[in-house]
Amino acid sequence: MKFIDEAIITVQSGDGGRGCVSFRREKFIPRGGPDGGDGGKGADVVLRTTLRKRTLQHFQFKRQFKAKNGAGGQGKKKTGKTGKDLIIEIPPGTLISDAETGQTLKDLTKPGETFIAAKGGRGGQGNSRFKTSTHRSPRFSQPGEPGETLILKLDLKLLADVGIIGLPNAGKSTLISSISSANPKIGNYPFTTLSPNLGVVQTPWGEPFVVADIPGLIEGAHKGAGLGIKFLRHIERTRILVHLIDVLSIDLDNPLKVYNTINKELAMYSKGLAEKPQIVVLNKLDLSGAHESANTFKSAAQDKKVLLISAINGTGIDELKSQIVKLLDNHSGVKG
Ligand SMILES: Nc1nc2c(ncn2[C@@H]2O[C@H](COP(=O)(O)OP(=O)(O)OP(=O)(O)O)[C@@H](O)[C@H]2O)c(=O)[nH]1
Ligand SMILES: [Mg+2]
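The rules behind the values
- Residues numbered from 1 in each chain as written.
- Chains lettered and ligands numbered in written order.
- Predicted model: local features only at pLDDT ≥ 70, side-chain atom pairs only at ≥ 80, totals over all residues.
- Heavy atoms only, no water.
- Domains from an automatic or database assignment.
- Contact = heavy atoms within 4.5 Å.
- Buried area = accessible area lost by both parts, 1.4 Å probe.
- Salt bridge = Lys/Arg side-chain N within 4 Å of Asp/Glu carboxyl O.
- Polar contact = N/O pair within 3.5 Å; in protein donor to acceptor, adjacent residues only side chain to side chain.
- Nonpolar A, V, L, I, M, F, W, Y, C, P; charged D, E, K, R; others polar.
- Helix = DSSP H or I, 4+ residues; strand = E, 2+ residues; numbered from the N terminus.
- Buried < 20%, exposed > 50% of the residue type's maximum accessible area, 1.4 Å probe, protein only.
- Phe/Tyr/Trp six-rings, centres within 6.5 Å; stacked < 30°, edge-to-face > 60°.
- Donors = N, O, S within 2.8 Å, 3.2 Å for Na, K, Ca; no water.
- Pairing = 2+ DSSP bridges.
- Axes fitted to C-alpha atoms, helices over the stretch in contact; angles between N-to-C directions.

**Q** Would you mind going over the domain arrangement of the protein with me for this structure?
**A** Interface size, as often reported, equals the accessible area lost upon joining of the parts. When cut into domains, the protein gives domain 1 (3-157) and domain 2 (159-330). Placing the centre of domain 1 and that of domain 2 at their C-alpha centroids yields a distance of 48 Å. Listed by partner, the interface residues are seven residues for domain 1 and 12 residues for domain 2. Carbon and sulfur atoms make up 48% of the area that domain 1 and domain 2 hide from each other, which totals about 900 Å². Inspection of the region where domain 1 meets domain 2 yields two salt bridges. Here Arg54 and Asp329 are joined by a salt bridge, their closest N and O atoms 3.4 Å apart. The interface formed by domain 1 and domain 2 contains four residue pairs in polar contact (both at pLDDT 80 or more). Across the side of domain 1 that touches domain 2, the residue classes tally to one nonpolar, two polar and four charged.

**Q** Mind showing me how you'd approach the pattern of salt bridges here?
**A** One side chain can pair with another of opposite charge once the charged atoms of both are near each other. If you walk through the whole model with that rule in mind, you get 11 salt bridges. Across the pair Glu89 and Arg52 runs a salt bridge, and its minimum N-O distance is 2.7 Å. In this pair, Glu89 is assigned in strand S4 (residues 86-90) and Arg52 in the loop between strand S2 (45-49) and strand S3 (64-66), connecting sequence segments 37 residues apart. With its nearest N and O atoms 3.3 Å apart, the salt bridge here joins Arg122 to Glu145. Here Glu145 lies in the loop between strand S7 (114-118) and strand S8 (149-158) and Arg122 lies in the loop between S7 and S8, a separation of 23 residues in the sequence. Since its relative accessible area comes to 59%, Arg122 is described here as exposed. According to the relative accessible area criterion, Glu145 is partly exposed, its value standing at 35%. Among the charged side chains, a network of salt bridges with common partners joins Glu6, Lys153 and Asp155.

**Q** Please explain the packing of aromatic side chains as it appears in this structure.
**A** Using the criterion set out here, one finds three aromatic pairs in the structure. Look at Phe59 and Phe65: their rings are 6.0 Å apart centre to centre, the planes differ by 80°, and that puts the pair in the edge-to-face class. Residue Phe59 is classed as buried on the basis of its relative accessible area, which comes to 3%. Given a relative accessible area of 10%, Phe65 falls into the buried group.

**Q** When you look at the coordination of the magnesium ion (ligand 2) in this model, what are you seeing that I'm missing?
**A** Coordination angles at a metal have ideal targets, namely 109.5 degrees for four tetrahedral donors and 90 or 180 degrees for six octahedral donors. Coordination of the magnesium ion (ligand 2) by the protein is provided by Ser173 (OG) and Thr193 (OG1), with metal-donor distances spanning 2.0 to 2.1 Å. Taken as a pair, Ser173 in helix H1 (residues 172-179) and Thr193 in the loop between H1 and strand S10 (197-203) lie far apart in primary sequence, 20 residues in all. Judged on exposure class, the residue Ser173 and its partner Thr193 are both buried.

**Q** Help me out: how do you make sense of the sheet that holds S4 in this one?
**A** Either a parallel or an antiparallel arrangement is found when strands of a sheet pair, and the pairing is made through backbone hydrogen bonds. The mixed open sheet is built from three strands, whose spatial order is S4-S2-S7. The two strands at the open ends of the sheet, each matched to only one other strand, are S4 and S7. Between one strand axis and the next, the sheet turns through 30° on average, direction left out of account. Alignment of S2 against S4, held across five bridges, turns out to be parallel. By the bridge assignment for S4, Val45 is matched with Leu86.

Here is the structure:
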């Protein structure tokens with residue numbers, strides 16, 4: 001279950017700086033030798049993966065990238081400054097290929113990996129380099145090597161940041177369709193969703209994030225009950241979970257029962273999944289009797305933070321998005 005996000009960008013590395021033609025000029029040394037320094041190297045264009053980026057959406061607004069040229073050499077054999085590399089941030093999971101030939105250049109999967117997409121041109125040599133015993137005053141230097149231009153195709157195999165879990169009919173598909181562009185089937189019967197759905201969620205707080213809606217879990221799912229737990233593998237690599245509960249499914253005599261049932265199924269699947277940070281969300285707040293059930297659940301859950309929403313009428317959805325963004329930022333391993 002991969003959702004492909006793609007972009008085409010043009011990258012151009014910097015030209016090398018020109019070598020300098022210069023001669024020493026000092027008091028009492030009327031005819032000093034050549035002392036022109038080399039040009040600086042042009043800057044590279046480097047693609048770097050970071051968890052700060054989750055989609056390729058930022059390339060919709062900027063598609064051309066030009067790195068700085070190296071500076072020209074100077075007298076006294078001073079080498080020109082090297083241009084500072086241009087770093088382009090991309091999300092982990094981005095496959096980079098040459099858009100013209102289709103050839104794969106690099107598959108960057110982990111955060112913090114880099115790929116030099118276009119190498120800056122070498123700086124030209126200054127005239128001091130061309131001095132020989134027979135040619136003592138060269139009046140020429142080399143131009144810098146030009147940078148290179150490439151058209152790159154980026155393909156992101158989108159992985160969900162957030163998994164939505166819960167019993168059948170909790171409203172998982174309704175939630176994903178209300179917060180993202182995903183448009184899954186919704187139905188007032190269990191197991192409406194038969195395969196996972198992915199959606200990109202836009203927020204006013206920066207990077208969008210990706211959510212996955214998976215088929216409902218029931219007690220005994222790890223033994224194959226209902227649709228089983230095989231779909232949990234699709235959310236194994238998410239960073240956080242939204243645990244969605246239909247507020248009216250809460251048993252007032254045993255308010256944490258459904259909540260514990262799902263958590264037990266997660267634990268049966270893997271320790272990693274059971275330990276993922278969860279946001280507990282009670283849905284269908286618009287229905288009568290919802291508040292009483294919600295309060296009972298909250299007091300039983302004590303110190304756990306519980307959010308109340310209605311996926312249908314939008315109550316609490318902004319707060320949920322902002323809590324998701326906060327939790328993702330805490331679990332991305334990056335600051336800023
Ligand atoms: N009143 C009310 N009904 C809701 C709300 N959210 C979902 N529903 C209804 O609950 C039913 C189940 O919703 P789905 O989104 O299909 O539930 P699901 O969790 O995806 O279910 P499965 O795919 O079967 O696991 C549908 O009839 C929805 O219209 C809500 O906030 N309020
Ligand atoms: Mg569903």
